[in-house]
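Residue-level listing of the chains:
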Amino acid sequence: MPAVRALFAGACNGSIDALFKRASAVNASNGPFDLLICVGQFFGAAGPDDGEYQGPLLEYLTGGKAAPLPTYFMGGWGGGAVSVLEAISAVPESNIHYLGRAGVKEVKGLTLAYLDGTHNAAAFREVPDNSGSARYYTEADIKLLQHSLSLQGDIDVLLTNEWPEGLAEGLPEGVAPPDSHGSPVIAELAMTARPRYHVAAGKPTFFARPPYLNADLGAGAHVTRFIGLAQVGNGAKQKWLHALALTPAAEMTPEALQVQPPGSTGNPFQAAAAKRLKRAARDAGPGTDLGSQDWRWQEQKKARQIMAAPSLGRPDIIKDKHKTIFVRNVPFAATEEALVEFFAQAGRVVDVVRRSNAEGRLNTWCHIQFDTKEGMEKACQLNGSELMGRQLGIDAAATGPRAGTGKPVEGCWFCLSNANADIDLVVSVGEESYVAVDKGAITDEHVLVVSVEHFPSSQSLSIDCYAEIRRYWGALDRCAAAGGRQLVGFERYMALRKSGGNHCHINALAVSAEAAARARQVFEDRAKAAGFSLTHVPAAAGEAARAALRDVVGDGEYFQAFLPDGSSLVHPIAFGERHPLNYGREVLAELAGVPDRAEWKACAVPVEEEWRRSEAFKALFKPHDIMGVQE
Ligand SMILES: [Zn+2]
């Protein structure tokens, strides 16, 4: 039998026409080819898997158009995938075929092993349903595939949607791809399957690895060539279509099969597995013979720096805040698996969302959704327990800062529409926010910047409202500077569920330059005395400041101090933590030189005095007011 000529394509993502156009052109110029094999997501991202399919495949299935050559695809998920897979199985005469979830198939003389879906720690433990969608593979899929492999001879091509973990092991620098993160499940599969070729999708770049040698199981060993394909029609012009002429292994002599081409490396997955074992032995702690303490400490430090991969969440899971927890202080090294494993004691985890920031650093917080509300509630009780030596802060996601509706809350002092709101204290009203003298002002220069709508924290405000509050802060800062003073302040967000929820307000106080210079120290000293710590967050413009805050506190409660240089000090308030209510006022009162005015009740004055105060501040602020007309 002559060599089988095959074309391989990377993730199609619904670009059927682009795929067939290019395959047809290559078939005409370099062909004929016997078949086209597609790895990676085949369907587009828009729409649910079980929704209606509206893409170009319909014409190919109804006979309006024909694929340029017999096409075998996996990646059977994405918009409308379920209905198309059903239609394909009903039209056997079509030359477009779905390979299936997991298995081994002989196609045109080639023995193909395939695993559809990608890895998700929560989905991995699920019992697969029969919906036909293969977005995530499960443990059952792997077992089935391993069983099929044990019954097979040599595998010509292994097809996966992800790269295996450890692929770059044993490669010299410069040859290794910039990003070689991969799945340990796929690595194990590659070790068992020992394919002659492994074709995978899952990365935006093309990569062909120098061949690596498989373990010799007694009858000699052959090499595997790994080929990672980019997305169909990608703008970066990374290669996504690859041609191979393959003589089926079944027809090769053992000598031909076992040729080791120059440049071949050892087995990268065995090397990676050995490293993992070493790490596990080290984690077993003292008593294991691992040499000096110093060496162990160095290794532990290295292990801590190993960062888990982000978890982007499952599009097939409907987000439900009432079944979701928000977790803070998550170790960098905690993988999705580790989190699913840890929270299994509370209930069945169905989704983990943990992103990284703009610099690629993994967030120290995440959202975890359970299959029931009870699971979520049980998980909240784990607040304060340790994972990998770090204490987790666990909160119900539904009580986060985005819980507000913006609607006025009866009895709220800050909702201006309420009868008991102190309109007389208002100094300036903007489009989205206003400035008012504090009802229990520490000094005549103590004001609040408040959102007009009832939202619980600055994190939950609209972009416009937040921007206006920042403009007010800038104006107050200039107002203070005009009097030779500097601005300090704070925001405290606690959900205050019983009283209709917190209404976002920011305390601002002009203090002397001398007091401003020691503001940070006073905030830190008093925090230390109260038993909590503050994270210093550098000054940032506009929305970047909110993103920086979110990096530290996520959706949780927090205290945030504003320093004269624009930077801030942040403390995330853990679920159930007793944060000292008067802390912010105590610091401001000390900086103002009137520590006895920290207590709010000590500052109550007759309404005439309040009125005088707001009139005085209005006059002071007028030249700087963002809403005022300059005179
Ligand atoms: Zn309110």
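All figures in this text were calculated on a predicted structure; none of them were measured in a lab. (Residues numbered from 1 in each chain as written. Predicted model: local features only at pLDDT ≥ 70, side-chain atom pairs only at ≥ 80, totals over all residues. Heavy atoms only, no water.)

1. Examining the packing of aromatic side chains
Working step 1: Counting across every chain of the model gives 23 aromatic pairs.
Working step 2: Judged by centre distance (4.9 Å) and plane angle (85°), the ring pair of Phe 342 and Phe 343 falls under edge-to-face.
Working step 3: Each ring, one from Phe 490 and one from Phe 559, has its centre 5.4 Å from the other, and the planes form 20°; the classification is stacked. With Phe 490 in strand β23 (residues 486-493) and Phe 559 in strand β26 (residues 557-562), this pair connects stretches of sequence that are 69 residues apart.
Working step 4: Lying over the aromatic face of Trp 163, Lys 203 brings its terminal NZ or CZ to 5.4 Å of the ring centre.
Working step 5: Sitting above the plane of the Tyr 466 ring, Arg 546 keeps its charged end 4.3 Å from the centroid. (Phe/Tyr/Trp six-rings, centres within 6.5 Å; stacked < 30°, edge-to-face > 60°. Helix = DSSP H or I, 4+ residues; strand = E, 2+ residues; numbered from the N terminus. Lys NZ or Arg CZ within 6 Å of the ring centre and 35° of its normal.)

2. Some thoughts on the side chain of Asn 120
Working step 1: For Asn 120, the location among the structural elements is in the loop between β6 (110-115) and α4 (121-124).
Working step 2: At a separation of 3.0 Å, a polar atom in the side chain of Asn 120 contacts the main-chain amide nitrogen of Ala 123. (Polar contact = N/O pair within 3.5 Å; in protein donor to acceptor, adjacent residues only side chain to side chain.)

3. A look at the pattern of salt bridges
Working step 1: The tally for this structure, following the rule as stated, stands at 24 salt bridges.
Working step 2: The shortest N-O distance in the salt bridge between Arg 125 and Glu 341 comes to 2.7 Å. With Arg 125 in the loop between α4 and α5 (139-150) and Glu 341 in helix α10 (residues 336-343), the pair connects residues that are 216 residues apart, well separated along the chain.
Working step 3: Here Lys 373 makes a salt bridge to Glu 377, at a shortest N to O gap of 3.1 Å. Here the residue Lys 373 and the residue Glu 377 both occupy positions in helix α11 (residues 373-380), the gap between them amounting to 4 residues, near one helical turn.
Working step 4: A relative accessible area of 37% means that Glu 377 is categorised as partly exposed.
Working step 5: A cluster of three or more residues bridged by salt bridges with shared partners is formed by Glu 514, Arg 518, Arg 526, Glu 586 and Glu 590. (Salt bridge = Lys/Arg side-chain N within 4 Å of Asp/Glu carboxyl O. Buried < 20%, exposed > 50% of the residue type's maximum accessible area, 1.4 Å probe, protein only.)

4. Examining helix α1 (residues 16-30)
Working step 1: The terminal C-alpha atoms of α1, which comprises 15 residues, lie 21 Å apart, in line with the 21 Å expected from a rise of 1.5 Å per residue.
Working step 2: Among all positions in α1, only Ile 16, Leu 19, Phe 20, Ala 23, Val 26 and Asn 27 are buried. Down the axis, α1 shows its buried residues gathered within 135° of arc, on one side only. Exposed and oriented more than 90 degrees from the buried face of α1 are Lys 21, Ala 28 and Ser 29.
Working step 3: Buried residues along α1 sit in contact with β1 (4-9), β2 (35-38), α2 (57-61), β3 (71-73), β4 (96-98) and β12 (241-246). (Expected span 1.5 Å × (residues − 1). Arc of directions from axis to C-beta. Contact = heavy atoms within 4.5 Å.)

5. Examining the pairing of strand β8 (residues 197-200)
Working step 1: Burial along β8 is two-sided: the face carrying Tyr 197 and Val 199 and the face carrying His 198 and Ala 200 are both buried.
Working step 2: Of the pairings in the sheet, the one linking strand β7 (residues 157-160) to β8 comprises 4 bridges and is parallel in character. Residue pairing in the sheet places Thr 160 in a bridge with Ala 200 of β8.
Working step 3: What joins β7 to β8 is helix α6 (residues 184-193), and the crossover it makes is right-handed.
Working step 4: In this structure, β8 lies alongside strand β11 (residues 223-228), joined through 4 bridges in parallel fashion. Bridge pairing in β11 links Ala 200 to Gly 228. (Pairing = 2+ DSSP bridges. Right-handed = clockwise from strand over helix to strand, strands pointing away.)

6. A short note on the nonpolar core
Working step 1: By size, the foremost hydrophobic cluster in this structure holds 31 residues, and its most contacted members are Leu 19, Leu 36, Phe 42, Phe 43 and Phe 73.
Working step 2: For this core, the elements supplying multiple residues, two or more each, are β1, α1, β2, α2, α3 (81-90) and β4.
Working step 3: Sort the elements by how many residues they give to this core and α1 lands first, with 5 residues.
Working step 4: Leave out the neighbours within four places in its chain, and Leu 36 touches Leu 7, Ala 9, Leu 19, Phe 20, Ala 23, Leu 69, Pro 70, Thr 71, Tyr 72 and Leu 241.
Working step 5: In terms of nonpolar packing, the next biggest core, distinct from the first, is built from 26 residues, Val 437, Ile 469, Leu 476 and Ala 510 among them. (Core = buried A, V, L, I, M, F, W, Y, C linked by side-chain atoms within 4.5 Å.)

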